Amino acid sequence: MGNLKREALSLYLVTDRALSLGRALTEIVRAAVRGGTTMVQLREKACDTRAFVELGRAVHDLLRPLGIPLIVNDRTDIAQVIGAEGVHIGQRDMAYADARRLLGPEAIIGLSVENDEQARECVSFSGLDYIGASPVFATPTKTDTARALGLEGVRRLRQIVGPTMPIVAIGGINSTNIQEIIHAGADGVAVVSALCSAREPEAAARALLHEINRAKS
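**Details of helix 9 (residues 201-216)**
Move 1: In this model, helix 9 (16 residues) spans 22 Å end to end at C-alpha, consistent with the 22 Å of a helix rising 1.5 Å per residue.
Move 2: Of all the residues in helix 9, the buried ones are P201, A204, A205, L208, L209, E211, I212 and A215. The arc enclosing the buried residues of helix 9, seen along the axis, measures out at 155 degrees, which places them on a common side.
Move 3: Residues of helix 9 that are buried sit in contact with strand 1 (11-14), helix 1 (25-34), helix 7 (178-184), strand 8 (188-191) and helix 8 (193-196).

**A closer look at the state of the cysteines**
Move 1: The full count for this structure, using the stated rule, is zero disulfides.
Move 2: With no disulfide of its own, C196 lies 14 Å from the sulfur of C47, the closest cysteine sulfur.

**Digging into the packing of aromatic side chains**
Move 1: Taken as a whole and judged by the stated rule, the model has two aromatic pairs.
Move 2: Measuring from ring centre to ring centre gives 6.0 Å for Y12 and Y130, while their planes differ by 70 degrees; the resulting arrangement is edge-to-face. One end of the pair, Y12, is in strand 1; the other, Y130, is in strand 6 (residues 130-133), and 118 residues separate them in sequence. No difference in accessibility class separates Y12 from Y130, as the two residues are buried.
Move 3: Taking 5.5 Å as the distance between ring centres and 10 degrees as the angle between the ring planes, the aromatic pair formed by Y96 and F125 counts as stacked. Linking Y96 in helix 4 (residues 96-103) with F125 in the loop between helix 5 (116-122) and strand 6, this pair joins segments that are 29 residues apart in sequence.

**A closer look at the sheet that holds strand 2 (residues 39-42)**
Move 1: If you trace the eight strands once around the closed barrel, you get 1-2-3-4-5-6-7-8, paired in parallel fashion. For this sheet the average axis-to-axis angle between neighbouring strands, irrespective of direction, equals 25 degrees.
Move 2: Inspection of the sheet shows strand 7 (residues 167-170) paired to strand 8 by three bridges, in the parallel sense. By the bridge assignment for strand 8, A169 is matched with V189.

**Quick look at the pattern of salt bridges**
Move 1: Applying the stated rule across the entire model yields 14 salt bridges.
Move 2: Two residues, R101 and D98, come together in a salt bridge whose shortest N-O distance is 2.6 Å. Remark: D98 and R101 occur in helix 4; sequence separation between them is three residues, near one turn of the helix.
Move 3: Take R101: its relative accessible area is 61%, and that puts it in the exposed class.
Move 4: In this structure, R100 and D129 form a salt bridge, with 2.9 Å as the shortest nitrogen-oxygen distance. Highlighted residues: R100 in helix 4 and D129 in the loop between helix 5 and strand 6, separated in sequence by 29 residues.
Move 5: The exposure class assigned to D129 is buried, which follows from its relative accessible area of 0%.
Move 6: Look at the salt bridges and you will find they share partners, linking R6, R158 and D187 into a network.

Criteria and cut-off values
- Residues numbered from 1 in each chain as written.
- Predicted model: local features only at pLDDT ≥ 70, side-chain atom pairs only at ≥ 80, totals over all residues.
- Heavy atoms only, no water.
- Helix = DSSP H or I, 4+ residues; strand = E, 2+ residues; numbered from the N terminus.
- Expected span 1.5 Å × (residues − 1).
- Buried < 20%, exposed > 50% of the residue type's maximum accessible area, 1.4 Å probe, protein only.
- Arc of directions from axis to C-beta.
- Contact = heavy atoms within 4.5 Å.
- Disulfide = S-S within 2.5 Å.
- Phe/Tyr/Trp six-rings, centres within 6.5 Å; stacked < 30°, edge-to-face > 60°.
- Pairing = 2+ DSSP bridges.
- Axes fitted to C-alpha atoms, helices over the stretch in contact; angles between N-to-C directions.
- Salt bridge = Lys/Arg side-chain N within 4 Å of Asp/Glu carboxyl O.

Take a look at the structure:
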């Protein structure tokens, strides 16, 4: 099992350059981290491998001195090459056991879970660091997802995986619904457009983290 601290999932930025209003991705990440972002996932669906590696190294160089984990979406090979703290895999990506074998016991590995059946299956995955409840609400930033779980779906996933498995919720999340998501059983929230498309990502991150901390207190 990796070195994941549960609080690192509090405010989890998932990057999307297409939503970044023409700004450099490192600029978005730097501002979001100043505002309190606790983990960053580099997600690149339309990027060749060499460019992905270069971007990953740039983001990792920014985050590493701050002790903020960099997680690579899907690409276990790129996570390994750039020395990222871990990888996030979906249900159609590399199998969890294979990703763990490649990255070793210290890597942080998260898995997207879209329904009760997948949640029951992942309970047996030794060393899985967290699950991503996906999507909680419908979202335009990811069109290949399953039906929205809703708050009741998050509650069901928490019951299935038990109290010790960290859950981060993603999909349609903003400052107006964070508190009810945390109350439903999530340890944190992952956001895309709420930070990447924010006019001031630092201020947006502070506002989101404020809602998270209010819910947890």
